[in-house]
Amino acid sequence: PGGCPALCECSEPAKTVKCVNRNLTAVPPDLPLFVRSLFITGNPLTHLPAGAFPAQRLPELASLNLSGNHLRTVEAGALALPALRQLDLSGNALASFSPQAFGEGGSPLEELALRGALRDHGVLLSLAALLQSGALRNLSRLELADNGLLLLPAGMFTALPALRQLDLSNNSLVGLRNVSFQGLGQLQSLNLSDNSLGVLWNSTLAQFRSLPALRHIVLGHNTWVCDCAIEDLVAWLKESDQVEGKEALTCASPDKMLGKALVKINGSDLNCSVPIDLPSQLQTSYVFLGIVLALIGAIFLLVLYLNRKGIKKWMHNIRDACRDHMEGYHYRYEINADPRLTNLSSNSDV
(Lines give C-alpha, C1' and ligand atoms only; values in the text may rest on other atoms or scores of the structure.)
Protein backbone atom coordinates (compact mmCIF):
# COMPACT_ATOMS: atom_id res chain seq x y z
CA PRO A 1 0.00 0.00 0.00
CA GLY A 2 1.25 3.44 -0.99
CA GLY A 3 3.50 1.98 -3.70
CA CYS A 4 3.26 2.51 -7.45
CA PRO A 5 1.76 -0.13 -9.82
CA ALA A 6 4.35 -1.76 -12.05
CA LEU A 7 2.81 -0.45 -15.30
CA CYS A 8 2.22 3.10 -14.11
CA GLU A 9 4.20 6.25 -13.39
CA CYS A 10 3.67 7.92 -10.04
CA SER A 11 4.56 11.30 -8.59
CA GLU A 12 3.86 11.66 -4.91
CA PRO A 13 4.68 15.41 -4.76
CA ALA A 14 2.16 16.04 -7.59
CA LYS A 15 -0.16 13.33 -6.23
CA THR A 16 -0.49 12.00 -9.79
CA VAL A 17 -0.52 8.50 -11.29
CA LYS A 18 -0.35 7.86 -15.05
CA CYS A 19 -1.10 4.49 -16.64
CA VAL A 20 -0.99 5.50 -20.29
CA ASN A 21 -0.83 3.00 -23.18
CA ARG A 22 0.12 0.12 -20.89
CA ASN A 23 -2.21 -2.53 -22.35
CA LEU A 24 -4.23 -2.64 -19.13
CA THR A 25 -7.44 -4.69 -19.17
CA ALA A 26 -8.45 -3.79 -15.59
CA VAL A 27 -7.93 -0.96 -13.15
CA PRO A 28 -4.72 -1.60 -11.13
CA PRO A 29 -5.75 -2.79 -7.66
CA ASP A 30 -2.68 -1.34 -5.90
CA LEU A 31 -3.02 2.36 -6.63
CA PRO A 32 -1.25 4.54 -4.04
CA LEU A 33 -3.30 6.20 -1.34
CA PHE A 34 -1.95 9.67 -2.11
CA VAL A 35 -3.33 9.86 -5.69
CA ARG A 36 -5.50 12.86 -6.53
CA SER A 37 -5.14 12.84 -10.33
CA LEU A 38 -5.33 9.47 -12.10
CA PHE A 39 -4.80 8.94 -15.84
CA ILE A 40 -5.72 5.53 -17.28
CA THR A 41 -5.87 6.18 -21.04
CA GLY A 42 -5.12 4.35 -24.28
CA ASN A 43 -5.67 0.88 -22.83
CA PRO A 44 -7.90 -2.07 -23.89
CA LEU A 45 -9.98 -1.53 -20.76
CA THR A 46 -13.56 -2.60 -21.54
CA HIS A 47 -15.36 -2.99 -18.22
CA LEU A 48 -15.72 -0.99 -15.00
CA PRO A 49 -17.32 -3.19 -12.34
CA ALA A 50 -18.74 -2.03 -9.04
CA GLY A 51 -15.91 -0.99 -6.74
CA ALA A 52 -13.41 -0.59 -9.57
CA PHE A 53 -12.12 2.42 -7.61
CA PRO A 54 -12.50 1.54 -3.90
CA ALA A 55 -13.58 4.65 -2.00
CA GLN A 56 -11.76 3.62 1.18
CA ARG A 57 -8.45 3.24 -0.71
CA LEU A 58 -8.82 6.39 -2.84
CA PRO A 59 -10.30 9.00 -0.48
CA GLU A 60 -8.54 11.91 -2.21
CA LEU A 61 -9.04 10.98 -5.86
CA ALA A 62 -10.47 14.17 -7.40
CA SER A 63 -9.59 13.93 -11.12
CA LEU A 64 -10.07 10.73 -13.16
CA ASN A 65 -9.23 10.51 -16.84
CA LEU A 66 -10.42 7.32 -18.57
CA SER A 67 -10.47 8.68 -22.14
CA GLY A 68 -9.34 6.75 -25.19
CA ASN A 69 -9.85 3.28 -23.78
CA HIS A 70 -12.30 0.65 -25.06
CA LEU A 71 -14.84 1.00 -22.30
CA ARG A 72 -18.17 -0.62 -23.07
CA THR A 73 -19.79 -1.10 -19.66
CA VAL A 74 -19.90 1.03 -16.52
CA GLU A 75 -21.74 -0.73 -13.71
CA ALA A 76 -23.57 0.70 -10.72
CA GLY A 77 -21.15 1.92 -8.05
CA ALA A 78 -18.13 1.85 -10.37
CA LEU A 79 -17.46 5.58 -9.86
CA ALA A 80 -18.62 6.06 -6.29
CA LEU A 81 -15.72 8.20 -5.09
CA PRO A 82 -16.24 10.73 -2.27
CA ALA A 83 -13.84 13.39 -3.61
CA LEU A 84 -14.30 13.01 -7.38
CA ARG A 85 -14.59 16.42 -9.08
CA GLN A 86 -13.50 15.76 -12.69
CA LEU A 87 -14.26 12.75 -14.90
CA ASP A 88 -13.32 12.25 -18.56
CA LEU A 89 -14.84 9.29 -20.41
CA SER A 90 -14.31 10.71 -23.91
CA GLY A 91 -13.40 8.45 -26.81
CA ASN A 92 -15.01 5.31 -25.40
CA ALA A 93 -17.70 3.38 -27.28
CA LEU A 94 -20.00 3.02 -24.29
CA ALA A 95 -22.78 0.46 -24.69
CA SER A 96 -24.05 0.34 -21.10
CA PHE A 97 -23.89 3.07 -18.47
CA SER A 98 -25.72 2.56 -15.20
CA PRO A 99 -27.68 5.55 -13.86
CA GLN A 100 -26.31 4.47 -10.45
CA ALA A 101 -22.69 4.52 -11.62
CA PHE A 102 -21.87 7.19 -9.01
CA GLY A 103 -23.54 5.29 -6.20
CA GLU A 104 -26.88 5.62 -4.48
CA GLY A 105 -26.25 9.05 -2.97
CA GLY A 106 -25.23 12.27 -4.68
CA SER A 107 -21.79 12.82 -6.22
CA PRO A 108 -19.57 15.90 -5.81
CA LEU A 109 -18.69 15.70 -9.53
CA GLU A 110 -18.25 19.14 -11.14
CA GLU A 111 -16.92 18.36 -14.64
CA LEU A 112 -18.01 15.52 -16.92
CA ALA A 113 -16.60 14.99 -20.42
CA LEU A 114 -18.32 12.51 -22.74
CA ARG A 115 -16.97 13.59 -26.12
CA GLY A 116 -17.62 10.82 -28.64
CA ALA A 117 -18.87 8.38 -25.98
CA LEU A 118 -22.66 8.49 -26.53
CA ARG A 119 -23.10 6.89 -29.92
CA ASP A 120 -25.46 4.31 -28.42
CA HIS A 121 -28.97 5.72 -27.89
CA GLY A 122 -29.50 3.55 -24.81
CA VAL A 123 -26.47 5.13 -23.15
CA LEU A 124 -27.87 8.60 -23.90
CA LEU A 125 -31.13 7.66 -22.18
CA SER A 126 -29.19 6.27 -19.19
CA LEU A 127 -27.23 9.52 -18.93
CA ALA A 128 -30.47 11.52 -19.09
CA ALA A 129 -31.91 9.40 -16.27
CA LEU A 130 -28.74 9.97 -14.23
CA LEU A 131 -28.87 13.75 -14.73
CA GLN A 132 -32.59 13.95 -14.01
CA SER A 133 -32.19 11.98 -10.78
CA GLY A 134 -30.32 14.90 -9.19
CA ALA A 135 -27.24 12.78 -8.42
CA LEU A 136 -25.01 15.35 -10.20
CA ARG A 137 -26.46 18.59 -8.87
CA ASN A 138 -22.95 20.01 -8.43
CA LEU A 139 -22.08 19.59 -12.10
CA SER A 140 -20.78 22.87 -13.56
CA ARG A 141 -19.35 21.66 -16.91
CA LEU A 142 -20.87 19.07 -19.24
CA GLU A 143 -19.31 18.14 -22.58
CA LEU A 144 -21.45 16.13 -25.02
CA ALA A 145 -19.72 17.02 -28.30
CA ASP A 146 -18.97 14.66 -31.21
CA ASN A 147 -21.75 12.19 -30.46
CA GLY A 148 -23.93 12.41 -33.58
CA LEU A 149 -26.94 13.39 -31.49
CA LEU A 150 -30.13 14.11 -33.46
CA LEU A 151 -32.46 14.96 -30.57
CA LEU A 152 -32.02 15.26 -26.82
CA PRO A 153 -34.30 13.56 -24.28
CA ALA A 154 -36.91 15.95 -22.88
CA GLY A 155 -35.99 17.52 -19.55
CA MET A 156 -32.42 16.22 -19.67
CA PHE A 157 -30.88 19.30 -18.01
CA THR A 158 -33.62 20.29 -15.57
CA ALA A 159 -31.80 18.99 -12.44
CA LEU A 160 -28.47 20.77 -13.01
CA PRO A 161 -28.79 24.07 -11.14
CA ALA A 162 -25.00 24.61 -10.93
CA LEU A 163 -24.29 24.06 -14.65
CA ARG A 164 -22.15 26.84 -16.15
CA GLN A 165 -20.82 25.36 -19.40
CA LEU A 166 -22.70 23.09 -21.82
CA ASP A 167 -21.00 21.85 -24.99
CA LEU A 168 -23.27 20.27 -27.63
CA SER A 169 -21.07 21.05 -30.63
CA ASN A 170 -20.34 18.80 -33.61
CA ASN A 171 -23.51 16.74 -33.35
CA SER A 172 -26.47 16.41 -35.73
CA LEU A 173 -29.08 18.29 -33.71
CA VAL A 174 -32.01 19.30 -35.92
CA GLY A 175 -34.01 21.14 -33.28
CA LEU A 176 -34.28 22.18 -29.63
CA ARG A 177 -38.06 22.38 -29.20
CA ASN A 178 -38.14 19.53 -26.64
CA VAL A 179 -35.08 20.80 -24.76
CA SER A 180 -35.70 22.80 -21.60
CA PHE A 181 -33.06 25.20 -20.30
CA GLN A 182 -35.29 26.34 -17.45
CA GLY A 183 -33.60 26.13 -14.07
CA LEU A 184 -30.10 26.66 -15.49
CA GLY A 185 -29.72 30.00 -13.78
CA GLN A 186 -25.92 29.67 -13.62
CA LEU A 187 -25.44 28.74 -17.30
CA GLN A 188 -22.83 31.03 -18.86
CA SER A 189 -21.72 29.25 -22.04
CA LEU A 190 -23.70 27.19 -24.57
CA ASN A 191 -21.98 25.74 -27.65
CA LEU A 192 -24.35 24.62 -30.44
CA SER A 193 -21.94 24.96 -33.35
CA ASP A 194 -21.51 22.35 -36.12
CA ASN A 195 -25.00 20.91 -35.91
CA SER A 196 -27.96 20.69 -38.32
CA LEU A 197 -30.13 23.43 -36.84
CA GLY A 198 -32.39 25.06 -39.42
CA VAL A 199 -34.22 27.44 -37.09
CA LEU A 200 -34.58 28.32 -33.41
CA TRP A 201 -38.21 28.81 -32.43
CA ASN A 202 -39.45 31.64 -30.27
CA SER A 203 -39.99 29.31 -27.28
CA THR A 204 -36.25 28.48 -27.26
CA LEU A 205 -35.24 32.10 -27.76
CA ALA A 206 -37.43 33.10 -24.83
CA GLN A 207 -35.54 30.63 -22.64
CA PHE A 208 -32.22 32.14 -23.72
CA ARG A 209 -33.50 35.60 -22.80
CA SER A 210 -34.59 34.38 -19.37
CA LEU A 211 -31.15 33.03 -18.36
CA PRO A 212 -29.41 35.93 -16.59
CA ALA A 213 -25.85 34.54 -16.73
CA LEU A 214 -25.92 33.27 -20.34
CA ARG A 215 -23.52 35.50 -22.27
CA HIS A 216 -21.75 33.14 -24.67
CA ILE A 217 -23.83 31.24 -27.26
CA VAL A 218 -22.02 29.71 -30.25
CA LEU A 219 -24.21 28.95 -33.29
CA GLY A 220 -21.71 28.73 -36.14
CA HIS A 221 -21.78 26.12 -38.91
CA ASN A 222 -25.46 25.24 -38.81
CA THR A 223 -27.80 24.75 -41.78
CA TRP A 224 -30.04 27.80 -41.31
CA VAL A 225 -33.17 27.76 -43.49
CA CYS A 226 -34.00 31.37 -44.36
CA ASP A 227 -37.74 31.28 -44.91
CA CYS A 228 -40.58 32.93 -43.01
CA ALA A 229 -40.00 30.72 -39.95
CA ILE A 230 -36.62 32.35 -39.28
CA GLU A 231 -38.02 35.86 -38.63
CA ASP A 232 -37.97 35.43 -34.84
CA LEU A 233 -34.35 34.19 -34.87
CA VAL A 234 -33.24 37.10 -37.05
CA ALA A 235 -34.95 39.65 -34.79
CA TRP A 236 -33.36 38.06 -31.72
CA LEU A 237 -29.88 38.08 -33.29
CA LYS A 238 -30.16 41.77 -34.13
CA GLU A 239 -31.06 42.75 -30.58
CA SER A 240 -29.06 40.19 -28.57
CA ASP A 241 -25.47 40.41 -27.34
CA GLN A 242 -25.38 36.74 -26.28
CA VAL A 243 -24.26 35.22 -29.60
CA GLU A 244 -20.55 35.12 -30.42
CA GLY A 245 -19.70 35.89 -34.05
CA LYS A 246 -23.32 36.38 -35.08
CA GLU A 247 -22.24 38.40 -38.13
CA ALA A 248 -20.76 35.20 -39.60
CA LEU A 249 -24.02 33.23 -39.46
CA THR A 250 -25.32 32.69 -43.00
CA CYS A 251 -28.23 31.02 -44.78
CA ALA A 252 -27.80 27.48 -46.11
CA SER A 253 -31.09 27.45 -48.03
CA PRO A 254 -33.09 28.28 -50.15
CA ASP A 255 -30.80 28.93 -53.08
CA LYS A 256 -31.79 32.59 -53.47
CA MET A 257 -30.67 33.24 -49.87
CA LEU A 258 -27.54 31.07 -49.89
CA GLY A 259 -24.64 32.76 -48.09
CA LYS A 260 -26.63 35.79 -46.94
CA ALA A 261 -25.84 36.93 -43.39
CA LEU A 262 -28.72 36.35 -40.98
CA VAL A 263 -28.30 39.74 -39.30
CA LYS A 264 -28.71 41.45 -42.67
CA ILE A 265 -32.01 39.80 -43.57
CA ASN A 266 -35.04 42.08 -43.93
CA GLY A 267 -38.71 41.20 -44.06
CA SER A 268 -38.80 41.97 -47.78
CA ASP A 269 -36.12 39.32 -48.39
CA LEU A 270 -38.37 36.62 -46.94
CA ASN A 271 -41.60 37.80 -48.66
CA CYS A 272 -43.72 37.04 -45.60
CA SER A 273 -46.27 39.84 -46.02
CA VAL A 274 -49.05 37.28 -46.50
CA PRO A 275 -48.91 34.67 -43.74
CA ILE A 276 -49.05 31.08 -44.85
CA ASP A 277 -51.96 29.33 -43.17
CA LEU A 278 -52.08 25.72 -44.31
CA PRO A 279 -55.46 24.87 -42.67
CA SER A 280 -57.06 27.86 -44.42
CA GLN A 281 -55.59 26.72 -47.74
CA LEU A 282 -57.03 23.25 -47.26
CA GLN A 283 -60.43 24.68 -46.34
CA THR A 284 -60.44 26.84 -49.47
CA SER A 285 -59.54 23.82 -51.61
CA TYR A 286 -62.40 21.77 -50.19
CA VAL A 287 -64.89 24.60 -50.87
CA PHE A 288 -63.67 24.92 -54.47
CA LEU A 289 -63.96 21.16 -54.98
CA GLY A 290 -67.52 21.21 -53.64
CA ILE A 291 -68.48 24.01 -56.03
CA VAL A 292 -67.02 22.12 -59.02
CA LEU A 293 -68.88 18.92 -58.12
CA ALA A 294 -72.16 20.84 -57.65
CA LEU A 295 -71.70 22.47 -61.06
CA ILE A 296 -71.08 19.12 -62.73
CA GLY A 297 -74.20 17.71 -61.06
CA ALA A 298 -76.32 20.65 -62.21
CA ILE A 299 -75.12 20.26 -65.81
CA PHE A 300 -75.93 16.54 -65.70
CA LEU A 301 -79.47 17.21 -64.46
CA LEU A 302 -79.94 19.90 -67.13
CA VAL A 303 -78.91 17.47 -69.86
CA LEU A 304 -81.39 14.92 -68.53
CA TYR A 305 -84.14 17.52 -68.48
CA LEU A 306 -83.49 18.70 -72.04
CA ASN A 307 -83.52 15.12 -73.33
CA ARG A 308 -86.45 13.91 -71.23
CA LYS A 309 -88.62 12.96 -74.27
CA GLY A 310 -85.87 11.00 -75.96
CA ILE A 311 -84.97 9.33 -72.66
CA LYS A 312 -88.63 8.47 -72.04
CA LYS A 313 -88.94 6.92 -75.53
CA TRP A 314 -85.73 5.00 -75.00
CA MET A 315 -87.01 3.67 -71.66
CA HIS A 316 -90.31 2.58 -73.34
CA ASN A 317 -88.39 0.76 -76.08
CA ILE A 318 -86.34 -1.07 -73.49
CA ARG A 319 -89.51 -1.95 -71.57
CA ASP A 320 -91.23 -3.30 -74.72
CA ALA A 321 -88.17 -5.31 -75.71
CA CYS A 322 -87.93 -6.82 -72.23
CA ARG A 323 -91.66 -7.62 -72.27
CA ASP A 324 -91.48 -9.35 -75.70
CA HIS A 325 -88.50 -11.32 -74.52
CA MET A 326 -90.27 -12.43 -71.35
CA GLU A 327 -93.42 -13.41 -73.33
CA GLY A 328 -91.27 -15.62 -75.52
CA TYR A 329 -89.86 -17.31 -72.45
CA HIS A 330 -93.39 -17.70 -71.04
CA TYR A 331 -94.74 -19.26 -74.30
CA ARG A 332 -91.85 -21.69 -74.40
CA TYR A 333 -92.46 -22.64 -70.77
CA GLU A 334 -96.16 -23.40 -71.49
CA ILE A 335 -95.27 -25.71 -74.40
CA ASN A 336 -92.73 -27.59 -72.31
CA ALA A 337 -95.14 -27.90 -69.41
CA ASP A 338 -98.07 -29.43 -71.47
CA PRO A 339 -97.38 -33.04 -72.65
CA ARG A 340 -99.94 -32.81 -75.45
CA LEU A 341 -98.35 -29.71 -76.88
CA THR A 342 -94.94 -31.30 -76.48
CA ASN A 343 -96.02 -34.40 -78.51
CA LEU A 344 -97.66 -32.18 -81.10
CA SER A 345 -94.53 -30.15 -81.40
CA SER A 346 -92.44 -33.31 -81.77
CA ASN A 347 -94.73 -34.78 -84.51
CA SER A 348 -94.62 -31.46 -86.31
CA ASP A 349 -90.86 -31.53 -86.21
CA VAL A 350 -90.84 -35.03 -87.65
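Calculation rules
Residues numbered from 1 in each chain as written. Predicted model: local features only at pLDDT ≥ 70, side-chain atom pairs only at ≥ 80, totals over all residues. Heavy atoms only, no water. Phe/Tyr/Trp six-rings, centres within 6.5 Å; stacked < 30°, edge-to-face > 60°. Helix = DSSP H or I, 4+ residues; strand = E, 2+ residues; numbered from the N terminus. Buried < 20%, exposed > 50% of the residue type's maximum accessible area, 1.4 Å probe, protein only. Lys NZ or Arg CZ within 6 Å of the ring centre and 35° of its normal. Pairing = 2+ DSSP bridges. Arc of directions from axis to C-beta. Contact = heavy atoms within 4.5 Å.

Going by what an unreviewed UniProt entry lists, the protein chain is known as TPBG protein and is assigned to Gymnorhina tibicen.

The next point concerns the packing of aromatic side chains. For the structure on display, the rule yields two aromatic pairs. Their ring planes at 55° and their centres at 5.5 Å tell us that Phe181 and Phe208 sit as a pair that is tilted. With a gap of 27 residues between them, Phe181 in the loop between β11 (165–167) and β12 (189–191) and Phe208 in helix α2 (residues 202–210) connect regions that are remote in the sequence. As far as the burial class goes, Phe181 and Phe208 line up, both buried. Taken together, a centroid distance of 5.8 Å and an interplanar angle of 40° make the contact between Phe208 and Trp236 tilted. Here the residue Phe208 occupies a position in helix α2, and Trp236 occupies one in helix α3 (residues 231–239), the gap between them amounting to 28 residues. Directly above the aromatic system of Phe39 lies the positively charged group of Lys18, at a separation of 5.8 Å from the ring centroid.

Attention now moves to the sheet that holds β12. Strand order in the open sheet made by the eleven strands is β1-β2-β3-β5-β7-β9-β10-β11-β12-β13-β15, with mixed pairing throughout. The sheet is open, and its two borders are formed by β1 (9–11) and β15 (243–244), each paired with just one other strand. Bridge count for strand β5 (residues 63–65) against strand β7 (residues 86–88) is three bridges, and the pairing is parallel. The residue of β7 that forms the bridge with Ser63 is Gln86.

This part takes up α3. Buried within α3 are the following residues: Leu233, Val234, Trp236 and Leu237. Burial along α3 is one-sided: seen end-on, the buried residues are contained in an arc of 165°. Of the surrounding secondary structure, the elements contacted by the buried residues of α3 are α2, β13 (216–218), β14 (224–225) and β15.

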